[in-house]
Structure formats: C-alpha cells, structure tokens
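So you can see what is in the structure, the chains are spelled out below.
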Amino acid sequence: MSFNSKAFVSKLPEVQTTIFTIMGQLANEHNAINLSQGFPDFDSDPKLRELVSQAMNTGQNQYAPMQGTMALRESLAEKFDTLYSTSYHPNTEITVTAGATQAIFTIISTFINKDDEVLIFKPAYDCYEPAIELMKGNVVSVQLDGPHFNVDWSRVQQLINSKTKMIIINTPHNPSGTTWSKNDMLQLEALVKDTNIIVLSDEVYEHIIFDEQQHQSACLFPGLKERSFICASFGKTFHNTGWKMGYCVAPAELMHEFRKVHQFNVFCVNHPMQVAFASHLKNPDNYQYINTFYQEKRDFFLNAIKGSRFKYIPSSGTYFQLLDYSAITDENDLDFSKRLVTQYQLASIPISVFNEAGHKDSFLRFCFAKKKETLEKAAEILCKI
C-alpha cells in the first residue's frame, strides 16, 4: 500500500496563504513600492550589529540557557523598572523567545484546551486565531469598528462566561494603529476580577506611541499583572525583524508552565544576539528615542499625502497608518489593494482579512517604517489616485 497524503485531514482547513505573502509577491512581480509588510527598509544601529559580531567572535555561539541568558533577563528586569516602576524576577518571570509570535503560540498552546474560549478583538493580528484552533479552543470575537476602533466593554462583559480561559489584547494595535487608554485597561481589569482568566497582552509596539501618550502596559494594573503574559519584540524596537528575537514576562506560576512547553518548542534562542541585547539595553537612550523617531516618519508621510483623496486619523501607535479610500472607490479593500499594486505600483494591506467574516471596511494599512525617499515616492502615487 503506497502512502496517501490525502488520507490526512488538515488541522487548519480554512487557512490559506497569508495576505502578507500575497501582497509581498505582488509587490515583487510589479516592482512596486512595498508599504505592506511591517518591516523597515533601513538598517538597525551599527553599534548593536557590532555587539553581535563581538559575541560571535568571542565564542558565544553555543546553546544559551533555556530561559535566556541571565545578563539579558537582568537587563529586561531593569527596563521594566525604568519604564513602568514594576518588577519581574529575572530567574522566574522572564523568558527570551524566538520572536513575539513564538511566545504567543507557546502561551496559547500551554494554557488552552479543547472547548476553552479565547476572546480576541478584531481586526486581529493573524497569528492568534490559528493557534487557538490548533489547540481545539473556540475563538470568540469582538469586532471593532473604524475609524476609531473603540471597545464596547458592555459587549465584552456579555461574552465572558465560565468557559472563557483567555483574553488576548494588543496595544498599540496592529493593524489599526490605535492605542488603548488607561480607562480601557481599568475596564478590562474590572471584568477579569474574581476570575481565572489569563490575559495575553501583545505589546510589541510598546516603544512606538505618539503625541506624548503613555503606553498603558498590562503590568501597570495590579489586577492585570497578576494574570498577564506580556509579549514584546526586539525586532520592532531595534529595526531588525529578521533576527526573530523577543521575550515574554509573567508571574512565576504562569511562567513555570510556559517554560515546560517552551523548552520543547525551541529550547533556547540565538545566543550572540542575546549577549548583544543585554549590553544594548543598559542604555535607555537606545530605545527611548523610538517614539520621536517614528512620529517624525508618521508626520512626514501624512503631510506628504494631504493633497490626496484618502482620509485618515493619525496613527497613535505602531508604525502603521490606516487610510480610508471611501471617497475614491466602492471596491472592496482586497480588490482595491491589488489594483493599487498592479496599476499604481504601491503595495498595502487590506484590513478586512483580519475582521469577522462579512465585516466590510474601506481601509488599507500602510507601513511608514521606511526611508524618507521611500515615503516620498509612495505619497506621490497616493496623491495621483
């Protein structure tokens, strides 16, 4: 009897090629300016790259500790104290991961069992839902409506029940570029009080928040901190997404369970890069300038498209800007985004793919983590449409 691959049932039958791959391929085929995928087109700090080289050249090339190097975990503990005046113990409450996505997947696979309900807010980053489905959990969606993407907390309260095991939040929010307020976090804190609900707080854009706002991290709220995993990304902060380096923090009891799965998922992550980040983080100036750096790019991009027919509310966080094209065409966003590539050589991301089925939007997401000349060329195109 020969092997029959068709005898196997897909665990993710609804998952197709991601929109990021589709738009990236279209951008390559049509030699388009690519503002679709969320990565910079400029290099990270040469001092940081040199620290990685030094670590490699001095023999830091074997397995790191499963939890991450102690020096890096200590630097991260200092960062939380500096930014949020809160503490995480480097021994028991901090783990270095292969990017935030691995941390998120590991958290979900550690705690979600069959028929557990996980509440997510849509539009949602596309790694949440498949991980929940793989663990045979049930996704419960709260659809947020543009252009403000505010949370209806009375609706959230109605959805929480005895089966609710986890709530996933993301602020600053990808893809909308919005941020949660202190009141939002207090509302969530009140809703999960006296429950055993775990909060997974995706805070990979914590350092990219604008207009003198303060990032409302879950660790600032005692009722959230005691039940929360916070996931973060070195790649987003230090302009090196291809390094796939991140970390998560949580109370010791939760982290103990996380590490049971983490050790069999990746065991440990890139050793010389951990050595470099441990040193680089010692100087807060190496990450505290990021807000101003990206706000200047946001403002430059928005000023350059003022003459266009696109409508917008300035992004309050992340390095993404939504543009409303409803004054231009009544096409759905997927069709319009494809036409923007093929006809105008500019790639973006339609956000309807991150919404509940059937929910329509007239927004495209543009990444402004680009060189000035890239943004200038993109703005020229947008002003001609």
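Note that the structure is predicted; figures quoted are calculated from it, not measured.

Participant: Describe in detail the overall build of the protein, supporting the description with residues and values.
Facilitator: Secondary structure summary: the protein contains 15 helices and 12 strands in total. Relative to the globule expectation of 21 Å for 385 residues, the C-alpha radius of gyration of the protein, 21 Å, shows essentially globular dimensions. Projected onto the principal axes, the alpha-carbon positions of the protein cover approximately 60 × 55 × 50 Å. Burial statistics for the protein: of 385 residues in total, 54% are counted as buried. Excluding contacts between residues fewer than 6 apart, the proportion of contacts in the protein whose partners are at least 24 apart in sequence is 76%. As presented, the protein carries roughly 17,300 Å² of accessible surface, and 48% of it is formed by carbon and sulfur atoms.

Participant: Please give an account of the sheet that holds strand 12 (residues 363-367) that cites residues and values.
Facilitator: If you walk across this open sheet you meet the 3 strands as 9-12-11, and the pairing is antiparallel. The strands lining the two open edges of the sheet, one partner per strand, are strand 9 (320-324) and strand 11 (349-350). Here strand 9 pairs with strand 12 via 5 bridges, running antiparallel. Paired with Asp324 across the strands is Phe363, a residue of strand 12. Against the sheet, helix 14 (residues 333-344) makes contact with strand 11 and strand 12, and its axis sits at roughly 45° relative to strand 12, the strand it touches most.

Participant: Pulling in residues and values, what's your account of the nonpolar core?
Facilitator: Nonpolar side chains in soluble globular proteins generally cluster together in the buried interior. Counting residues in hydrophobic clusters, the biggest one holds 61 residues, and the most contacted among them are Phe121, Val156, Ile167, Leu188 and Phe234. Counting residues in each nonpolar core, the second largest holds 33 residues, with Tyr325, Ile328, Ala378 and Leu382 among its members.

Participant: I'd like a rundown of the packing of helix 3 (residues 70-84) against helix 11 (residues 271-280), residues and numbers included.
Facilitator: Packing of helix 3 against helix 11 brings their axes to within 8 Å, and their N-to-C directions diverge by 35°. Remark: the crossing between helix 3 and helix 11 carries left-handed chirality. Where helix 3 approaches helix 11, its residues Ala71, Leu72 and Ser75 are matched on the opposing element by Gln274, Phe277 and Ala278. Residue composition of the contact of helix 3 with helix 11, grouped by class: 4 nonpolar, 2 polar and no charged.

Participant: Give a detailed account of the side chain of Thr178, specifying residues and quantitative values.
Facilitator: Examined against the element boundaries, Thr178 turns out to sit in the loop between strand 5 (164-170) and helix 7 (182-192). Within the structure, the side chain of Thr178 is placed 2.6 Å from the side chain of Ser176, a separation counted as a polar contact. Setting aside chain neighbours within four positions, we find Thr178 in contact with His148, Phe149, Pro172, His173 and Ser316.

Participant: Provide a residue-level description of the pairing of strand 8 (residues 246-249), including the pertinent values.
Facilitator: Of the two faces of strand 8, the one carrying Gly246 and Cys248 and the one carrying Tyr247 and Val249 are both buried. Sheet analysis places strand 2 (residues 94-97) next to strand 8, joined by 4 bridges and oriented antiparallel. Note on strand 8: the bridge partner recorded for Thr97 is Gly246. Taken together, the 4 bridges between strand 7 (residues 228-233) and strand 8 define a ladder with antiparallel strand orientation.

Participant: Tell me about the environment of Ser154, and name the residues and values.
Facilitator: Relative to the helices and strands, Ser154 is located in helix 6 (residues 153-159). Ser154 sits 37 residues away from Leu191 along the chain, and the two C-alpha atoms are 9.8 Å apart.

Participant: Which residues make up the pattern of salt bridges, and what values do they have?
Facilitator: Following the criterion strictly, the structure yields 10 salt bridges and no others. Residue Lys282 is joined to Glu78 by a salt bridge in which the shortest nitrogen-to-oxygen separation is 3.2 Å. Remark: Glu78 occurs in helix 3 and Lys282 occurs in the loop between helix 11 and helix 12 (285-288); sequence separation between them is 204 residues. Here Asp116 makes a salt bridge to Lys165, at a shortest N to O gap of 3.6 Å. Taken together, the positions of Asp116 in the loop between helix 4 (99-111) and strand 3 (117-122) and Lys165 in strand 5 put the pair 49 residues apart, joining distant regions of the chain. With a relative accessible area of 23%, Lys165 lands in the partly exposed category.

Participant: Summarise the environment of Glu189; cite the residues concerned and give the values.
Facilitator: By the element assignment, Glu189 lies in helix 7. Sequence separation between Glu189 and Leu83 is 106 residues, and the spatial gap between their C-alpha atoms is 21 Å. Leave out the neighbours within four places in its chain, and Glu189 touches Phe221, Pro222, Gly223 and Leu224.

Participant: Describe the pairing of strand 6 (residues 198-202), naming the residues involved and giving the relevant values.
Facilitator: Here strand 6 lies mainly inside the structure; 5 of its 5 residues are buried. Residues of strand 6 alternate between two faces, with Ile198, Leu200 and Asp202 on one and Val199 and Ser201 on the opposite face, all of them buried. One ladder, built from 5 bridges, connects strand 5 with strand 6; its direction is parallel. Across the sheet, the residue bridging to Ile168 is Leu200, located in strand 6. Bridge count between strand 6 and strand 7: 4 bridges; the pairing is parallel. Directly across from Asp202, in strand 7, lies its bridge partner Cys231.

Scoring rules and cut-offs
Residues numbered from 1 in each chain as written. Predicted model: local features only at pLDDT ≥ 70, side-chain atom pairs only at ≥ 80, totals over all residues. Heavy atoms only, no water. Helix = DSSP H or I, 4+ residues; strand = E, 2+ residues; numbered from the N terminus. Rg over C-alpha atoms; globule rule 2.2 N^0.38 Å. Buried < 20%, exposed > 50% of the residue type's maximum accessible area, 1.4 Å probe, protein only. Contact = heavy atoms within 4.5 Å. Areas by Shrake-Rupley, 256 points an atom, 1.4 Å probe, with all protein chains shown as cover. Pairing = 2+ DSSP bridges. Axes fitted to C-alpha atoms, helices over the stretch in contact; angles between N-to-C directions. Core = buried A, V, L, I, M, F, W, Y, C linked by side-chain atoms within 4.5 Å. Left-handed = near helix turned anticlockwise from the far one by under 90°. Nonpolar A, V, L, I, M, F, W, Y, C, P; charged D, E, K, R; others polar. Polar contact = N/O pair within 3.5 Å; in protein donor to acceptor, adjacent residues only side chain to side chain. Salt bridge = Lys/Arg side-chain N within 4 Å of Asp/Glu carboxyl O.

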